[in-house]
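Take a look at the letters that make up each chain.
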Amino acid sequence: MRAVLFLLLVGCSSSSNHPTCIEPDGGLPTDLACTGLYENGDVGTYATTAMPYTPGVTLWSDGAEKHRYLYLPTGSTIDTSVLDEWKFPIGTKAWKEFVVDGVLVETRLFSKRADDLWDHGTYVWATDGKSATLNTDPHGIILPSGYEIPTIKDCDKCHDGGADRLLGVEAVALALPTAEGATLTKLVGMGALSDPPPVTTVTLPDDATGKAATALGFLHANCGMPCHSSRGLGDETQLVMRLRADELGFGLGPAKPATQTDTYLATVGQMPTTASVAQQFPGQLRITAGQHDQSVVWQLAHRRGLYQMPPLVSHVIDEDGTAKLAEWIDALPPP
């Protein structure tokens, strides 16, 4: 045991609402109240330094309501010299709350400790809603509702697709008109970006169907950001579905129509390159114009079990998102 313990006293009370927190040598505190999300450790009173944000397109989480908060150290900037590859300053924290059937069940945290090291984990809320404790169970927790709280390894499988671990805190998602809170516009106004783009609000690319923008946004958030990008499985599978900043312009060049995006070129009229998928769906294209039920991309998103997408944690189909995807596919003119 170390001779000296450095104590971080959160607030002036040692009550359950103001716990005494021990600063860990490494890793995360065991109590969510000690992570900086709350003012003086008072659960429910959010710290003014924790900025709420909502990306313009979001990952499906089995219908859970999500609330997100971002902390950047005072005076720091995000390295945005490569607009698609944000690098966050040491000390950055990002929290995400998950509310299922009106009940807060988990809060996930990513905290950057060093240039190449993020501490991350999930805090599981007590049934009385007064505290949340770091989950150390190596297995996923299935709640009575069927909702699954993932393991650290599960989180890694998605967040490895981020240039610097975080997903959703990126140029494209925060520049869309549907983004809220710490949007790209707000971050630029704060001086939080090292290389701010000339334009901070963009729209998703569309095509002659008028339905591509919504579908591409769905694929970007649910497939591209976590896995199917050049940082994830995109190059290996030749299936990239992450929209790039240069495809949307950002005042740095002309925006591309949907038909010229990586997503469109890799899916519409293209055969699967993964042998197991091709065998499971013989003769089918990734996207068959005019036939969503003959399109592998739609089928994988609209199933749970073998070959489901996303491949882990989710047990409920995103009916609304996959319906928008189907509408676009059905509207595409046959070749």
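Placed above this text is the structure.
Residues numbered from 1 in each chain as written. Predicted model: local features only at pLDDT ≥ 70, side-chain atom pairs only at ≥ 80, totals over all residues. Heavy atoms only, no water.

A. Local environment of empty space enclosed by the protein. In this structure the tally under the stated criterion is three cavities of 30 Å³ or more. Looking at the largest cavity, its volume works out to about 560 Å³. Along the wall of the largest cavity there are 34 residues; nearest its centre are Leu59, Ser61, Lys96, Arg108 and His159. Elements supplying a minimum of two residues to the lining of the largest cavity: β4 (65-71), β5 (93-100), β6 (103-114) and α1 (152-159). Across the lining of the largest cavity, the residue classes tally to 22 nonpolar, five polar and seven charged. If you add up the space inside the second largest cavity, you get close to 100 Å³. (1 Å grid on protein atoms, 1.4 Å probe; cavity = no way out; pocket = protein on both sides within 12 Å on 5 of 7 lines; lining within 4 Å. Points joined across faces, edges and corners; volume = space filled by probe spheres on them. Helix = DSSP H or I, 4+ residues; strand = E, 2+ residues; numbered from the N terminus. Nonpolar A, V, L, I, M, F, W, Y, C, P; charged D, E, K, R; others polar.)

B. Spatial organisation of the nonpolar core. Trp86, Val169, Leu187, Phe250, Leu325 and Trp328 are the most contacted members of the largest nonpolar core, which totals 55 residues. At the level of elements, β3 (51-54), α2 (171-175), α3 (184-190), α4 (212-224), α6 (245-248), α7 (262-267), α9 (296-301) and α10 (319-331) are the ones that each hand at least two residues to this core. A total of eight residues in this core trace back to one element, the largest contributor, which is α4. Ignoring anything within four residues of it in the chain, the contact list for Phe250 reads Leu83, Ala171, Val172, Ala175, Leu184, Pro197, Pro198, Val199, Val202 and Ala245. By size, the runner-up hydrophobic cluster in this structure holds 12 residues, among which are Leu32, Leu37, Tyr69 and Leu134. (Core = buried A, V, L, I, M, F, W, Y, C linked by side-chain atoms within 4.5 Å. Buried < 20%, exposed > 50% of the residue type's maximum accessible area, 1.4 Å probe, protein only. Contact = heavy atoms within 4.5 Å.)

C. Spotlight on the pairing of β5. With six of eight residues buried, β5 is to be regarded as a mostly interior element. Here seven bridges tie β4 to β5, and the two strands are oriented antiparallel to one another. Bridge pairing in β5 places Leu70 opposite Ala94. Note that β5 and β6 share eight bridges and pair antiparallel. Paired with Trp95 across the strands is Leu109, a residue of β6. Here β5 hands over to β6 after two residues, with Asp101 in that stretch at a positive phi of 50°. (Pairing = 2+ DSSP bridges.)

D. Here's a closer look at the state of the cysteines. Using the criterion set out here, one finds one disulfide in the structure. Between the sulfur atoms of Cys21 and its disulfide partner Cys34 the distance amounts to 1.6 Å. Judged by the sign of its S-S torsion, about -75°, the cystine formed by Cys21 and Cys34 is left-handed. Placement of the pair is Cys21 in strand β2 (residues 20-22) and Cys34 in the loop between β2 and β3, with a sequence separation of 13 residues. The exposure class of Cys21 is buried, given its relative accessible area of 3%. Taking relative accessible area as the criterion, Cys34 reaches 14% and is therefore assigned buried. Left unpaired, Cys155 is separated from the closest cysteine sulfur, that of Cys158, by 7.7 Å. In this structure Cys158 is not part of a disulfide, and its nearest cysteine sulfur, from Cys227, lies 5.2 Å away. (Disulfide = S-S within 2.5 Å.)

E. Geometry of the pattern of salt bridges. Applying the stated criterion across every chain yields a total of nine salt bridges. Its salt-bridge partner being Asp164, residue Lys112 comes within 2.7 Å of it at the nearest N-O pair. Here Asp164 lies in the loop between α1 and α2 and Lys112 lies in strand β6, a separation of 52 residues in the sequence. Classification of Lys112 by relative accessible area gives buried; the value is 6%. Overall, the relative accessible area of 8% leaves Asp164 in the buried class. Between Asp119 and Arg113 there is a salt bridge; the shortest N-O distance is 2.7 Å. On the accessibility criterion, Asp119 (10% relative accessible area) is buried. (Salt bridge = Lys/Arg side-chain N within 4 Å of Asp/Glu carboxyl O.)

F. Region of the structure containing the packing of α4 against α10. With their axes 8 Å apart at the nearest point, α4 and α10 run at an angle of 130° to one another. As the angle between them shows, α4 and α10 are arranged oblique. Once α4 is placed against α10, the crossing between them reads as left-handed. Contacts between α4 and α10 pair Ala212, Thr214, Ala215, Leu216, Phe218 and Leu219 from the former with Gly321, Thr322, Lys324, Leu325 and Trp328 from the latter. When the residues that make up the contact of α4 with α10 are grouped by side-chain class, the tally is seven nonpolar, three polar and one charged. (Axes fitted to C-alpha atoms, helices over the stretch in contact; angles between N-to-C directions. Parallel < 35°, antiparallel > 145°, perpendicular 65-115°, else oblique. Left-handed = near helix turned anticlockwise from the far one by under 90°.)

G. Looking closely at the environment of Gln238. Tracing the chain through its elements places Gln238 in the loop between α5 (234-237) and α6. Between the C-alpha atoms of Gln238 and Val105, which are 133 residues apart in sequence, the distance is 37 Å. Other than its neighbours up to four places away in sequence, Gln238 contacts Leu233, Ala266, Thr273 and Arg286.

H. Broad picture of the sheet that holds β5. Pairing in this open sheet of seven strands is antiparallel, and the strands run β8-β7-β6-β5-β4-β3-β11 from one edge to the other. Each edge of the sheet is formed by a strand with only one pairing partner; in this case those strands are β8 (132-134) and β11 (180-181). As paired strands, strand β7 (residues 117-125) and β8 are joined by three bridges and run antiparallel to one another. Along β8, the bridge assignment pairs Trp125 with Ala132.

Without other data, these values stay purely geometric and don't point to any function.
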